[in-house]
Amino acid sequence: MEEIKVLEEFLSLSLESSDPVLQRFGNLPGAVHRDGGDGRRFVYVPGSRKDRIVLVAHADTVWTLWGRERTSRPHRVVRENGIFRSESSGLGADDRAGCAILWLLKDSGHSLLVTDGEEKGQLGSWFLVEECPDIYDEINETHGFMVEFDRRNAADFKCYDVGTDDFRSYVASVTGYAEPDRRAFTDICTLCRDICGVNLSVGYYHEHSAQEYLSIREWRHTLDLCRSWLGSADLPRFALEPR
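Residues numbered from 1 in each chain as written. Predicted model: local features only at pLDDT ≥ 70, side-chain atom pairs only at ≥ 80, totals over all residues. Heavy atoms only, no water.

Enquirer: Before we move on, could you go through the overall build of the protein and cite the residues and values that matter?
Expert: Scanning the protein for helices and strands turns up eight helices and eleven strands. Taken over C-alpha atoms, the radius of gyration comes to 17 Å for the protein, in line with the 18 Å a tight globule of 243 residues would show. Overall size of the protein, expressed as C-alpha extent along the three principal axes, is 45 × 40 × 35 Å. The burial tally for the protein puts 57% of its 243 residues in the buried class. (Helix = DSSP H or I, 4+ residues; strand = E, 2+ residues; numbered from the N terminus. Rg over C-alpha atoms; globule rule 2.2 N^0.38 Å. Buried < 20%, exposed > 50% of the residue type's maximum accessible area, 1.4 Å probe, protein only.)

In structure tokens, the structure reads:
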């Protein structure tokens, strides 16, 4: 199917550079590309819906940090028994799987934000917060909440410290997913100032290792769930309480 083809295309992109992903999103109409160098960059595509939210993923993989000497074999993605894996040092589903979902939701009317440098400490999102106040204000003041696609497993969500009790209950009710804990962090932890955010499972396992793989069925479930949920009318706004 077309969705699986798109997923395979994103997984097959070079692990050593975020450029191909950022260039693809940067070519969308209305895209804003800001680059502060050394992984401090992002592409933002404003949405058109009145009740829009921000959809977030990161273009870099942990393999970008390791360089060519750790990825000497060609990056070749293999599909078998309902999973994608790689014959090289890693798959990069963290977070190319999330980027593929954003691409497939690009016509949803919601805003898209693709960051670089998440694996190095949220470099792209910190760059946005600290040096791009116009966009930082826009995403927090004119959107209802954020949804990031950068979580392992089949049916988890995490709000970390950027979710209220009401927002957590809302996410659980519309997704059927559960929050295992509130530990760790990702881009929404940096980006959410005035609105809540959540990170959803996209079906990958053993990220940051040569054993990484992705369940196509689980990835597709999150995609279809979000198409239905985020395609509904009058999405609410969830204000974030001061931290």
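Resuming the write-up.
Enquirer: Which residues make up the nonpolar core, and what values go with them?
Expert: Counting residues in each nonpolar core, the largest one holds 75 residues, and the members touching the most others are Phe 25, Phe 149, Leu 200, Leu 214, Trp 219 and Trp 229. The element that contributes the greatest number of residues to this core is helix α3 (residues 93-104), accounting for eight residues. (Core = buried A, V, L, I, M, F, W, Y, C linked by side-chain atoms within 4.5 Å.)

Enquirer: Could you give an account of the pattern of salt bridges, with specific residues and numbers?
Expert: Taken as a whole and assessed by the stated rule, the structure comprises 22 salt bridges. Among the ionic pairs, Arg 182 bridges to Glu 179, the shortest N-O distance being 3.9 Å. Exposure remark for Arg 182: the relative accessible area of 48% places this residue in the partly exposed category. On the accessibility criterion, Glu 179 (21% relative accessible area) is partly exposed. Within this structure, Glu 3, Arg 220, Asp 224 and Arg 227 form a network of salt bridges that share partners. (Salt bridge = Lys/Arg side-chain N within 4 Å of Asp/Glu carboxyl O.)

Enquirer: If you had to explain the packing of aromatic side chains to someone new, which residues and values would you point to?
Expert: Each aromatic ring pair is specified by the distance between its two centres and by the angle formed by the two planes. Evaluation of the coordinates by the stated rule reveals 13 aromatic pairs. Between Phe 145 and Phe 167, the aromatic rings sit 5.5 Å apart at their centres with planes inclined by 55 degrees, giving tilted as the arrangement. Residue Phe 145 is found in the loop between α5 (133-141) and β7 (146-151), and its partner Phe 167 is found in helix α6 (residues 165-175); the two are separated by 22 residues along the sequence. Per residue, the accessibility class of Phe 145 equals that of Phe 167, and both read buried. Here a set of aromatic residues connected by ring pairs shows up, and it is made of Phe 145, Phe 167, Tyr 170, Trp 229 and Phe 238. Over the face of the ring belonging to Phe 10 we find Arg 24, whose NZ or CZ atom lies 4.8 Å from the ring centre. Between Arg 24 and the ring centre of Trp 103, over which it is positioned, the NZ or CZ distance is 5.6 Å. (Phe/Tyr/Trp six-rings, centres within 6.5 Å; stacked < 30°, edge-to-face > 60°. Lys NZ or Arg CZ within 6 Å of the ring centre and 35° of its normal.)

Enquirer: Talk me through the pairing of strand β9 (residues 197-201); I want residue IDs and the actual numbers.
Expert: Regular strands show a simple pattern: their side chains alternate between the two faces of the sheet. For β9, a buried count of five out of five residues is recorded, marking the element as mostly surrounded by other parts of the structure. Pairing of β7 with β9, which is carried by five bridges, proceeds in the parallel orientation. Among the inter-strand pairings, Phe 149 is bridged to a residue of β9, identified as Leu 200. In this sheet, β9 lies alongside strand β8 (residues 157-158) in antiparallel orientation, the contact comprising two bridges. If you follow Lys 158 over to β9, its bridge partner there is Asn 199. (Pairing = 2+ DSSP bridges.)

Enquirer: Now, about unusual backbone geometry: what can you tell me, with residues and values included?
Expert: The omega torsion of the bond from Asp 94 to Asp 95 falls at 15 degrees, within 30 degrees of zero and hence cis. Looking at the secondary structure, you find Asp 95 in helix α3. The backbone of Asn 81 sits at a positive phi, close to 55 degrees, despite the residue not being glycine. Along the chain, Asn 81 turns up in the loop between β4 (77-80) and β5 (83-86). Non-glycine residue Tyr 160 carries a positive phi angle of around 55 degrees. Topologically, Tyr 160 is positioned in the loop between β8 and α6. Its relative accessible area of 7% is what places Tyr 160 among the buried residues.

Enquirer: Could you give an account of the environment of Ala 239, naming the residues involved and the relevant values?
Expert: Assignment of secondary structure puts Ala 239 in the segment after α8 (216-231). Separated by 95 residues in sequence, Ala 239 and Gly 144 place their C-alpha atoms 7.8 Å apart. For Ala 239, the residues in contact, after removing those within four places along its chain, are Thr 164, Asp 194, Ile 195 and Cys 196. (Contact = heavy atoms within 4.5 Å.)

Enquirer: Help me get a handle on helix α4 (residues 123-131), residues and values and all.
Expert: Three or more residues of α4 are buried, namely Gly 124, Ser 125, Phe 127, Leu 128 and Val 129. Packed against the buried residues of α4 are β1 (32-35), β2 (41-45), β6 (111-115), α5 and α7 (187-191).

Enquirer: Residues and numbers for the sheet that holds strand β10 (residues 204-205), please.
Expert: Hydrogen bonding along the main chain pairs the strands of a sheet, whether they run parallel or antiparallel. Across the sheet, four strands lie side by side as β4-β5-β11-β10; this open sheet has antiparallel pairing. Because the sheet does not close on itself, it has two edges, and the strands there are β4 and β10. Bridging between β4 and β5 involves four bridges; their strand directions are antiparallel. Paired with Arg 79 across the strands is Phe 84, a residue of β5.

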